[in-house]
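Residues per chain are reported as follows:
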Amino acid sequence: MLDSVLVWIEKNRRAWLDDLKQWLNIASVSAVSAHDNDTAAAAEWAMSYLRGVGLNVRRIATPRHPCVLATTPDDLCPPGAPTILFYGHYDVQPPEPLEKWISPPFTATVRDGKIYARGASDDKGQVFCHLAALMAWRQIAGEIPLRLMVLLEGEEEIGSINLADVIKDHVDELKTARVLIVSDSNQFAPGIPAITTGLRGLVYYQIELTAAAEDLHSGVYGGAVANPANVLTQMLGRLHDSQGRVAVDGFYDDVVLPEESIRRQWAELPFDENEFVRRLGVPQVSGEAGFSTLERRWCRPTLDINGLTSGYQGPGAKTVLPCSASAKVSMRLVPNQNPDRISTAFERCLAVLKPPGVRLTLTRLNATPAAVTQIDSPAITAAAAALEIGFGKSPVFMREGGSIPVVNWFKELLGIDSVLIGFGLPDDNLHAPNEKFDLNCLYSGIRTAAALYDRLGGI
Ligand code: BES
Ligand code: MN
Ligand code: MN
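Overview of the structure. (Residues numbered from 1 in each chain as written. Chains lettered and ligands numbered in written order. Predicted model: local features only at pLDDT ≥ 70, side-chain atom pairs only at ≥ 80, totals over all residues. Heavy atoms only, no water.)

## Things to note about the sheet that holds strand 15 (residues 359-368)
Turning to step 1, where the next piece is worked out: Across the sheet, four strands lie side by side as 12-14-10-15; this open sheet has antiparallel pairing. Strands at the two margins of the open sheet, each flanked by one partner only, are strand 12 (302-310) and strand 15. Averaged over all adjacent pairs, the angle separating strand axes in this sheet is 15 degrees, with direction ignored.
Turning to step 2, where the next piece is worked out: In this fold helix 7 (residues 228-237) packs onto strand 10 (201-210), strand 12 and strand 14 (324-333), with an angle of close to 15 degrees to the strand it touches most, strand 14. (Pairing = 2+ DSSP bridges. Helix = DSSP H or I, 4+ residues; strand = E, 2+ residues; numbered from the N terminus. Axes fitted to C-alpha atoms, helices over the stretch in contact; angles between N-to-C directions. Contact = heavy atoms within 4.5 Å.)

## With respect to the site of ligand 1
Turning to step 1, where the next piece is worked out: Inspection of the region around ligand 1 gives 15 residues, with Glu156, Asp184, Arg332, Ser403 and His431 positioned closest.
Turning to step 2, where the next piece is worked out: Between a nitrogen atom of ligand 1 and a main-chain N or O atom of Ser403, the distance comes to 2.9 Å. (Near = heavy atom within 4 Å. Polar contact = N/O pair within 3.5 Å; in protein donor to acceptor, adjacent residues only side chain to side chain.)

## Regarding the coordination of the manganese ion (ligand 3)
Reference values for coordination geometry: four tetrahedral donors around a metal ideally subtend 109.5 degrees, six octahedral donors ideally subtend 90 or 180 degrees.
Turning to step 1, where the next piece is worked out: Donor atoms from the polypeptide that coordinate the manganese ion (ligand 3) comprise Asp122 (OD), Glu157 (OE), Glu157 (OE) and His431 (NE2), at 2.1 to 2.5 Å from the metal.
Turning to step 2, where the next piece is worked out: Considering all six donor atoms around the manganese ion (ligand 3), the spread of angles at the metal, 55 to 156 degrees, places the coordination shape in the irregular class.
Turning to step 3, where the next piece is worked out: Read from N- to C-terminus, the donor residues coordinating the manganese ion (ligand 3) fall into the pattern D-x34-E-x273-H.
Turning to step 4, where the next piece is worked out: Between the manganese ion (ligand 3) and the manganese ion (ligand 2), a spacing of 3.6 Å is present, and a bridge between the two is formed by Asp122. With a gap of 35 residues between them, Asp122 in the loop between strand 5 (114-116) and helix 4 (124-141) and Glu157 in the loop between strand 6 (147-153) and helix 5 (163-169) connect regions that are remote in the sequence.
Turning to step 5, where the next piece is worked out: For Asp122, a relative accessible area of 7% translates into the label buried. (Donors = N, O, S within 2.8 Å, 3.2 Å for Na, K, Ca; no water. Tetrahedral: all angles 85-135°; square planar, octahedral: opposite > 155°, others 65-115°. Buried < 20%, exposed > 50% of the residue type's maximum accessible area, 1.4 Å probe, protein only.)

## Things to note about the packing of aromatic side chains
Turning to step 1, where the next piece is worked out: Per the counting criterion, the structure on display carries 10 aromatic pairs.
Turning to step 2, where the next piece is worked out: The interplanar angle of 50 degrees and the centroid separation of 6.4 Å between the aromatic rings of Trp45 and Phe128 together place this pair among those described as tilted. Of the two residues, Trp45 sits in helix 3 (residues 36-53) while Phe128 sits in helix 4, which places them 83 residues apart along the sequence. Each member of the pair, Trp45 as well as Phe128, carries the same accessibility label: buried.
Turning to step 3, where the next piece is worked out: Their ring planes at 75 degrees and their centres at 6.5 Å tell us that Phe188 and Trp298 sit as a pair that is edge-to-face. Separated by 110 residues along the polypeptide, Phe188 in the loop between strand 7 (180-182) and strand 8 (194-196) and Trp298 in helix 10 (residues 293-298) bring together distant segments of the chain.
Turning to step 4, where the next piece is worked out: Take Phe188: its relative accessible area is 9%, and that puts it in the buried class. (Phe/Tyr/Trp six-rings, centres within 6.5 Å; stacked < 30°, edge-to-face > 60°.)

## A closer look at the coordination of the manganese ion (ligand 2)
Turning to step 1, where the next piece is worked out: Around the manganese ion (ligand 2), the protein contributes the donor atoms His89 (NE2), Asp122 (OD), Asp184 (OD) and Asp184 (OD), which lie 2.0 to 2.4 Å from the metal centre.
Turning to step 2, where the next piece is worked out: For the manganese ion (ligand 2), the six donor atoms are set out with angles of 56 to 165 degrees between them, so the coordination reads as irregular.
Turning to step 3, where the next piece is worked out: Sequence spacing of the donors to the manganese ion (ligand 2): H-x32-D-x61-D.

## Some words on the nonpolar core
Turning to step 1, where the next piece is worked out: Trp16, Trp23, Leu50, Phe128 and Leu442 are the most contacted members of the largest nonpolar core, which has 70 residues in total.
Turning to step 2, where the next piece is worked out: Element by element, the count of residues in this core is highest for helix 14 (residues 439-456), at 11 residues.
Turning to step 3, where the next piece is worked out: If we ignore the near neighbours within four places in the chain, the residues touching Phe128 are Trp16, Asp19, Leu20, Trp23, Trp45, Tyr49 and Leu442.
Turning to step 4, where the next piece is worked out: Within the second largest apolar cluster, 29 residues are counted, among which are Ile207, Leu236, Val246 and Ile342. (Core = buried A, V, L, I, M, F, W, Y, C linked by side-chain atoms within 4.5 Å.)

Spatial relationships are all this shows, so hold off on functional conclusions.
Below is the structure:
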């Protein structure tokens with residue numbers, strides 16, 4: 001039956017693309033309240049697609065953006081079929097800076113065999129591979145080979161702020177799942193599909209320094225009161241040492257490195273560092289001494305300034321002592337680092353670095369631990385077989401540096417392991433202008449999802 005489903009998928013390339021375009025054209029930017037109607041519309045779009053497949057679909061309201069929970073009715077799957085949960089997110093990052101987009105972010109446009117739009121790869125395009133595969137199964141076989149639950153979230157890009165509560169409210173139902181399938185990550189390289197076996201965690205802070213009540217003339221007052229911009233840059237400059245290590249006391253205390261055998265396996269991956277340097281436009285790679293580029297991204301914790309604001313930004317010179325300065329800082333965590341302990345260490349470090357002439361306010365915006373998944377389970381075997389069918393090549397095992405909070409919560413709250421089977425490419429421009437999804441990835445992704453459901457039906 002899978003063969004007929006795969007043939008049908010190929011025959012309908014045009015229709016899949018048209019459907020995906022519709023979804024991509026809805027500006028579901030979760031961070032921006034002015035887009036709340038669009039975000040709701042993107043949830044509705046997914047709900048009606050899933051209803052079209054024949055699933056029972058519910059909208060789960062949260063204080064911000066709704067989740068969608070869809071389940072296979074008993075008469076649509078074989079008796080005794082395993083229960084599997086698929087997770088994805090329908091929200092997207094803000095598209096700014098708009099002037100850098102070649103075609104508008106919410107007018108999905110195909111160029112050179114790629115579809116360009118915000119969310120094309122992260123994550124609507126990848127979720128759509130699963131929706132289309134379900135549709136194909138339903139239309140060709142009349143049923144779906146497993147008892148599938150689909151959980152779609154609209155707040156992933158703002159830290160999955162209500163998802164833990166949604167999971168807790170539906171524990172009994174969700175814990176019937178044998179495994180969680182997530183397609184929200186990348187292949188290793190074009191033509192080299194991958195199963196991701198680990199993600200870094202995230203702790204994110206906003207730092208604010210204030211001094212005088214208002215901006216001051218930098219000649220009249222400069223030298224007599226603290227300048228928050230001077231102080232903030234000094235403090236931030238002390239967060240790394242000359243070897244690229246994070247200089248926050250206790251930062252590395254709990255870090256557990258992967259086993260030597262895994263690091264050896266990574267060293268054998270066909271990673272092309274020259275291509276990496278060229279693609280990113282950097283003069284050379286740079287980071288913590290003693291680790292390879294893949295290790296720096298996959299298994300070493302980091303601290304990065306994500307945003308830095310203070311003082312006069314307009315043209316020409318304005319002589320002014322800014323009364324405040326702020327920065328946004330992310331820390332990527334690796335296995336065994338505890339987000340709360342890291343937060344405490346970071347807050348203590350900044351309190352020590354802060355001189356008496358300024359006031360410091362710290363706001364934690366995100367906290368999620370790293371995740372590692374099993375690498376030998378029937379579901380992983382099924383995923384590897386499915387990638388081989390969909391992409392014509394067996395996958396490599398890798399990790400990723402980004403974070404997906406749900407993976408931890410399923411493990412912690414329900415004891416359910418994840419399979420991270422991503423269809424994106426490293427140059428998809430996630431969170432950046434001109435985000436794209438290669439149409440080969442789209443069609444191979446749909447085939448892979450169709451094959452995955454077939455193989456998972458037998459575990
Ligand atoms: N899909 C990404 C994470 C990702 C990207 C994993 C590439 C693997 C490969 C996800 O949507 C994301 O952007 N996560 C945020 C986390 C957050 C806002 C809490 C991240 O990693 O910054
Ligand atoms: Mn994502
Ligand atoms: Mn993202």
